[in-house]
Amino acid sequence: MFIGRKKELQVLNETFSKPGFQMTVIYGRRRIGKSRLITEFIKDKKASYYISTKTSLNDNIKKWSAQFIKDIAPDMAGAEFEDLEKFFRFIASVCKDEKIVIALDEIPYIAESDESFLSRLQAAIDTIFSSTNIYFLICGSAISFMEKEILSEKSPLFGRRTNQIFLKPFDYLESSEFTPNYSFEEKAIVYGVTGGVAKYLTLFDDSMSLDQNLINNFFDSSGYLYEEPQNLLTQEFRSINNYNTVIEVCAGGANKVNEIADKAHLSTAALSYLLNGLITIGIVSRITPLTEKENKRKTLYEITDGMYRFWYTFIPSAKAAIEMNRGDVFYFNYVKDKLHLFMGKVFEDMCRHYTLAHGLDGNLNCLVTNVGRWWGSGYDHTPTDIDVVGIDVTSKKAVIGECKFKNEVLDKEVYDSLLARRGLIGKSYEEVQLLLFSLSGFSKWLIENLDTEKTKLLTLEDIYSR
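Source: prediction; values computed, not measured.

Caption draft 1: Representation of the sheet that holds strand β1 (residues 22–27) in the model. Strand order in the open sheet formed by five strands is β2-β3-β4-β1-β5, and the pairing between neighbours is parallel. Two strands in the sheet have a free side with no partner beyond their single neighbour: β2 (47–51) and β5 (163–166). Adjacent strand axes in the sheet meet at a mean angle of 15° when their direction is disregarded. Bridge count between β1 and strand β4 (residues 134–140): six bridges; the pairing is parallel. Opposite Thr24, over in β4, you have Leu137 as the bridge partner. The strands touched by helix α1 (residues 6–16) are β1, β3 (100–105), β4 and β5; relative to β5, the strand with the most contacts, the crossing angle is about 160°. The sheet strands contacting helix α3 (residues 57–72) are β2, β3 and β4, and the helix crosses β2 at an angle near 155°.

Caption draft 2: Layout of α1. Every buried residue of α1 is listed here: Glu8, Leu9, Leu12, Thr15 and Phe16. Summarising the axial view, the buried residues of α1 lie within an arc of 130°, below the 170-degree limit, and thus occupy one face. Those residues of α1 that are exposed and angled more than 90 degrees off the buried face are Lys6 and Lys7. On its buried face, α1 sits against β1, α2 (34–42), β3, β4 and β5.

Caption draft 3: Here's a closer look at the nonpolar core. Ranked by size, the top nonpolar core spans 99 residues in total, and within it Phe218, Phe219, Phe310, Met350 and Phe437 carry the most contacts. Among the elements that take part in this core, helix α16 (residues 306–323) stands out by supplying nine residues, more than any other. Phe68, Leu84, Ile110 and Ala111 belong to the second-largest nonpolar core, a separate cluster that totals 43 residues.

Each value, and the rule that gives it
Residues numbered from 1 in each chain as written. Predicted model: local features only at pLDDT ≥ 70, side-chain atom pairs only at ≥ 80, totals over all residues. Heavy atoms only, no water. Pairing = 2+ DSSP bridges. Helix = DSSP H or I, 4+ residues; strand = E, 2+ residues; numbered from the N terminus. Axes fitted to C-alpha atoms, helices over the stretch in contact; angles between N-to-C directions. Contact = heavy atoms within 4.5 Å. Buried < 20%, exposed > 50% of the residue type's maximum accessible area, 1.4 Å probe, protein only. Arc of directions from axis to C-beta. Core = buried A, V, L, I, M, F, W, Y, C linked by side-chain atoms within 4.5 Å.

Now the structure itself:
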């Protein structure tokens, strides 16, 4: 069953319906569902789909032409091309009038095999394909390559695309559709440990317990996710040792440049290069307090990819047990009781998503146009933070919130603590509403005494309501 991606399919179908040559660039991190999106889009269309390989240009031309002939001109089965320009002219002759989709997946492989490929493709678009009805899809997983070599102004293909789709992980609502039989708490944990990545979500079978799914995928030497981070890093970087070290240090709680550099035994210059690479592929994010974007002193670096954060939090310590086929023992003794602690940051992210969505829909006391978090010194000069900050830059109004993913009701103490932090995000913002998010509900006092216009009490079920 194909889940989600309605907006992306709409873009593809609308572009397909346009006359003449069109081209869409699709890119995003590995396992995100790019190939699945393409196959879903072309399933009822005349199309040819080829995935490039890490071989020579000539080998790719042979394989690509053979695939095209099989898909579009089966009466020529067995034929293939060795010359790229002749193959392009053949495509144009076959696709001159009828609307046909040609998808080239993992274009970085074929482009890196011969630096002339992109220029030759550009020439073909300008002189051969421009008079056809071809809908050309270019797809790639190497985000830095796609942005620099395909989408940038320096690319030979610049100005040739009709549009582009940057495929991102599913949000927590879309992710829940993969495990419809789970409770809201279980759905949230699945989202948390997969980061909303399509491939990982498909690994969870909701006819089995959540515990068993986690054990099968992470805590078993044959589990799909047991070696996944290392495999992905190897595909992205030539040498992964330093990247691996940086992720481990961040998973251990270090989040400032000097702190990470010290613990990883790296210079700040070397660390900056590594962090930029991890940011590009979506593992780490650079974050600042929402109302202090220019405050470099408060810049933090955190693992925001859910699967990586879960893996580096638990798997390194579990490896010996897993290799002894006792990963289940480790899970039940050292992981299961820590899931709520792990989910704290995930739940905050879910609540920020809810705040932005419902703020834009007009369901909060101001039009929230941006959302994030805030940290700094409290009124007593001790470090403090605010989990959810939603602001309307134009009206200078804001909502602030606190999130608790615990097996206990949220009580008056948490409310009072949030109330005491009003004004910290900046004097220019008027905080017009407090938001309290809780996994396990709220105390009797909060339910009976709070002004629901000024303070909103939200459970996990509430944030899963569409």
